[in-house]
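So the chains spell out like this:
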Amino acid sequence: MRVAVIGAGVSGLSTAQSIFEQYHSLIIPLTIEVYADRFTPLTTSDGAAGFWQPYLYDKGNVQETKWCKETFDYLLSFLRSPDSIKMGIFLQSGYNLCSESAPDPSFKDSVLGFRTLTERELELFPGYSYGWFNTALMVEGKTYLPWLMDWLRERGVKFYQRKIESFKELVDSGVDIIINCTGVRSGDLQFDPELTPGRGQILKVQAPWLKHWIITHSFTAGTYNAPYIIPGSQSVVVGGCFQIGNWSEQNNSEDHQRIWEAACKLEPSLKHAQIVEDWTGLRPVRSKVRLVRESMQSGQSKFEVIHNYGHGGFGLTIHRGCAQEAARLFGEILELKDWVPKSSL
Amino acid sequence: MKRVKVVVVGAGVVGSSTAVCIAETLTNCSVTLMGDRFTPDTTSDIAAGILICAPFPDIPLERQQKWFKDTIDHLLTIAQSEEASDAGVLLSSGWQLHKSVPVDKKPFWSEFVLGFRTMTDQELKRFPNHKFGQAFTTVKCECSNYLPWLEKRFRKAGGQVVKQKVNNLQELSTQGYDVIVNCSGLGAKTLVEDSQVYPVRGQVLKVHAPWLQHFIRDGEGQSYIYPGMHSVTIGGTRQADDWRLEPDPGDSQNILERCSRLEPSLRRARVLGVSVGLRPSRKNVRLERELLLLGGRQVDVVHNYGHGGWGVTLSWGTALEALSLVRQCLYQRPPSSRL
């Protein structure tokens, strides 16, 4: 059987991994191919800070909260292994700040040591009167994606650098199942009115004295349009930009100024930080993640597609839960088509 | 009226802090900071500088609490200012682990650090050999930055810095000093013949592990991991009456082994260097006044030494108390002897 994954961001690679893990001994041979026009370090997943945290509230998308928690538990399980560094995984604690009291976030039971901020802690952040402290995980794309690719390569998965123009292209070449992880540009393959870019610009700075992430929340400006500071293993990511509908991947100097001023107000010690560079990425925003299978037809050929895209600003946060769900959908297809005896699934 | 000449002996974190407090507050004094060693060659430079400590047995707890609170409040203000990176001061969160549930679940300083609480069961899962833990946010104060930053402040306040080895207090009286503030640390053993002072040798490794963002401290502090600005300090040893300043390879091996058990990713960390410091230990820190007759002159002496492994932790608080003792000395001087 030939499986083609389109997209080599964290969703594409981790879905390939889950499918291999669950089916490589059931389907022989199982050929998995990954097609993408961009690979690490040039994907959206690479530019992101790599901080595990869903949006504060899931608005009823409990499935997404479950997938995020699954991802957290999965990543946490690697921490006792010295290889956690090769995966780019480590713990980091920090502050979620609000200007008024707010209900507890959806992820309070997923993270470690969740609690409300004390008065003295709030004194550190003038302008914010409420918030939470917890320990969360970092999973840095620039390390995690190469690790995933090595993992896949060792198991015979092949990678092809090219832009797939249509599902038909792959079906005509003999692919049986397509996994669609094309992120923000999914619309190029299949029109999706609910998918839109959420442009984000970040500054990468050197500020090695910062050991906590600080995320501020403005219920008027919206998610990630308020300043945030996320230290990583090599540099600190400073951000606060979420522009719906903006397709520009160019760094913008007005955004730079605005983000930098707000961050320095939040964390005065940044004044002495050295700014290394800016980066812009387009979050694949959707009302909810599209994680479904679809039977399609092209001419005489019938084929199956599993869609796994639209993870907005929480792709790294939710990737494993979604990859496992995509693998489950894969199993459904196998069952439906009698490609594998029911008893072995 | 002639300015009162004050000399602070010892340019480690305690001496430097005390000198700054005096120079900035007592503007009618001329203050000299005198030592045979300055940063980066002081004991303070070796210390990781995490604010945590154990109590001295015979000093009232409220007094020790004030020392801790004064120090952490002072450093928290710096941490939240533009000066933080220059001064080498940063917030540090982490965990203190215990193999069995301690009698005293809250150390005497628990209300002065931020967010102090017991660790949850889920958090303890990462440490299978430990049954109890405390989580909090404290401050890390790196002396290789902090001491030069203090010296700048001291000079700005009109202070003079003199590199000189002091063999006895008489010398200082001969040089015309009216008040001697003795922050000589381990040196007090010979300088004022205090037999209660003894070294507790501590060896530390600096490793490259930039993914570590939390401190981890085991039990009474035998093993610890303290991530800093440019490296992670891991340790340690506590060898009483051991004067060896050379690193011991056996100690390094042992430290790496113990700390890797706490934090497995350390096995992949590159060792950048090894250092040794001799903690200036004493059963209780000596912070008190004395009036001495030295070379025919009445000289006020304020002692501020014997902080052991808690020098950075108590530096500003004890400096403030030493300042108030110096003030007392000045007020109690008969007018004639000020001339």
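Residues numbered from 1 in each chain as written. Chains lettered and ligands numbered in written order. Predicted model: local features only at pLDDT ≥ 70, side-chain atom pairs only at ≥ 80, totals over all residues. Heavy atoms only, no water.

Let us now look at the sheet that holds strand β6 (residues 160-163) of chain B. All names here are of chain B. The strand order across the open sheet formed by six strands is β6-β2-β1-β7-β15-β14, and the pairing between neighbours is mixed. The sheet is open, and its two edges are formed by β6 and β14 (286-294), each paired on a single side. With direction set aside, neighbouring strand axes in the sheet form an average angle of 20 degrees. Pairing of strand β7 (residues 179-182) with strand β15 (residues 297-305) involves four bridges; the strand directions are parallel. What sits directly across from Asn182, in β15, is His303. Seen against the sheet, helix α6 (residues 143-156) touches β2 (29-35) and β6 and runs at an angle of roughly 125 degrees to β6. (Pairing = 2+ DSSP bridges. Helix = DSSP H or I, 4+ residues; strand = E, 2+ residues; numbered from the N terminus. Axes fitted to C-alpha atoms, helices over the stretch in contact; angles between N-to-C directions. Contact = heavy atoms within 4.5 Å.)

Okay, the pairing of strand β8 (residues 198-208) of chain B next. All names here are of chain B. Among the eleven residues of β8, eight are classified as buried, and the element is accordingly described as predominantly covered. Where β8 meets strand β13 (residues 270-281), eleven bridges bridge the pair, whose relative direction is antiparallel. Counted as the bridge partner of Gly202 is Gly277 from β13. The pairing of β8 with strand β12 (residues 239-240) spans two bridges and is antiparallel. Note on β12: the bridge partner recorded for Val200 is Ala240. In this sheet, strand β11 (residues 232-235) lies alongside β8 in antiparallel orientation, the contact comprising four bridges. Within the sheet, the bridge partner assigned to Leu205 lies in β11 and is Ile234. (Buried < 20%, exposed > 50% of the residue type's maximum accessible area, 1.4 Å probe, protein only.)

All right, on to the pattern of salt bridges then. On inspection of all chains with the given rule, the structure shows 46 salt bridges over all chains. With its nearest N and O atoms 3.7 Å apart, the salt bridge here joins Glu154 of chain A to Arg155 of chain A. Judged by its relative accessible area of 65%, Glu154 of chain A is exposed. Judged by relative accessible area, Arg155 of chain A falls into the partly exposed class, the value being 33%. A salt bridge links Glu257 of chain B to Arg267 of chain B; its shortest N-O distance comes to 3.8 Å. Within this pair, whereas Glu257 of chain B is found in helix α9 (residues 249-262), its partner Arg267 of chain B is found in the loop between α9 and β13, the two being separated by ten residues in sequence. With a relative accessible area of 33%, Glu257 of chain B lands in the partly exposed category. Here the salt bridges do not stand alone but share partners, grouping Arg293, Glu325, Arg328 and Glu332 of chain A into one network. (Salt bridge = Lys/Arg side-chain N within 4 Å of Asp/Glu carboxyl O.)

All names here are of chain A. Mapped onto this structure's residue numbering, the UniProt feature "binding site: D-serine" (unreviewed entry) falls at Tyr228, Arg283 and Gly313. Here Arg283 shows up in strand β13 (residues 274-285). One can find Gly313 in the loop between β15 (301-309) and α9 (315-336). We classify Gly313 as partly exposed; its relative accessible area is 28%. (UniProt positions renumbered as here; feature names shortened; annotations may be inferred.)

Before going further, it helps to examine the UniProt feature "binding site: D-dopa" (unreviewed entry) in chain A. All names here are of chain A. UniProt records the feature "binding site: D-dopa" (unreviewed entry) at Gln53 and His217, using the numbering of this structure. Taking the farthest pair of C-alpha atoms as the criterion, the annotated set spanning 165 residues converges on one region, since that pair is 13.0 Å apart. In this fold, Gln53 is placed in the loop between α2 (44-47) and α3 (62-76). For Gln53, the contacting residues outside a window of four places in its chain are Asn96, Phe107, Trp213, Ile215, His217, Tyr224, Phe314 and Thr317. Mapped onto the elements of the fold, His217 is located in strand β9 (residues 213-217).

What follows concerns the interface of chain B and chain A. The interface is formed by 41 residues belonging to chain B together with 35 residues belonging to chain A. When chain B packs against chain A, close to 3300 Å² is buried across both sides, 56% of that on carbon and sulfur atoms. Summed over the three residues of chain B that lose the most area to chain A, namely Gln80, Glu82 and Gln213 of chain B, the buried surface amounts to 19% of that side. Our count for the contact surface shared by chain B and chain A stands at three salt bridges. Close ionic contact of Asp83 of chain A with Arg268 of chain B constitutes a salt bridge, the shortest N to O distance being 3.2 Å. In this structure, the connection of chain B to chain A is made through 14 residue pairs in polar contact (both at pLDDT 80 or more). At five residues, strand β3 (residues 89-98) of chain B tops the list of elements feeding residues into the side of chain B that touches chain A. (Buried area = accessible area lost by both parts, 1.4 Å probe. Polar contact = N/O pair within 3.5 Å; in protein donor to acceptor, adjacent residues only side chain to side chain.)

This part is about the packing of aromatic side chains. Residue and element names in this part refer to chain A. Applying the stated criterion to the full structure yields 27 aromatic pairs over all chains. Plain terms: the ring middles of Phe51 and Trp213 are 4.6 Å apart, the flat faces sit at 45 degrees to each other, and that makes the pair tilted. Of this pair, Phe51 sits in the loop between α2 and α3 while Trp213 is found in strand β9, placing the two residues 162 residues apart along the sequence. Both residues of the pair, Phe51 and Trp213, count as buried. Ring geometry for Tyr130 against Trp132: centres 5.7 Å apart, planes inclined by 85 degrees, an arrangement best described as edge-to-face. By relative accessible area, which is 0% here, Trp132 ends up buried. Over the ring of Trp151 we find Arg155, and its NZ or CZ is 3.9 Å from the ring centre. (Phe/Tyr/Trp six-rings, centres within 6.5 Å; stacked < 30°, edge-to-face > 60°. Lys NZ or Arg CZ within 6 Å of the ring centre and 35° of its normal.)

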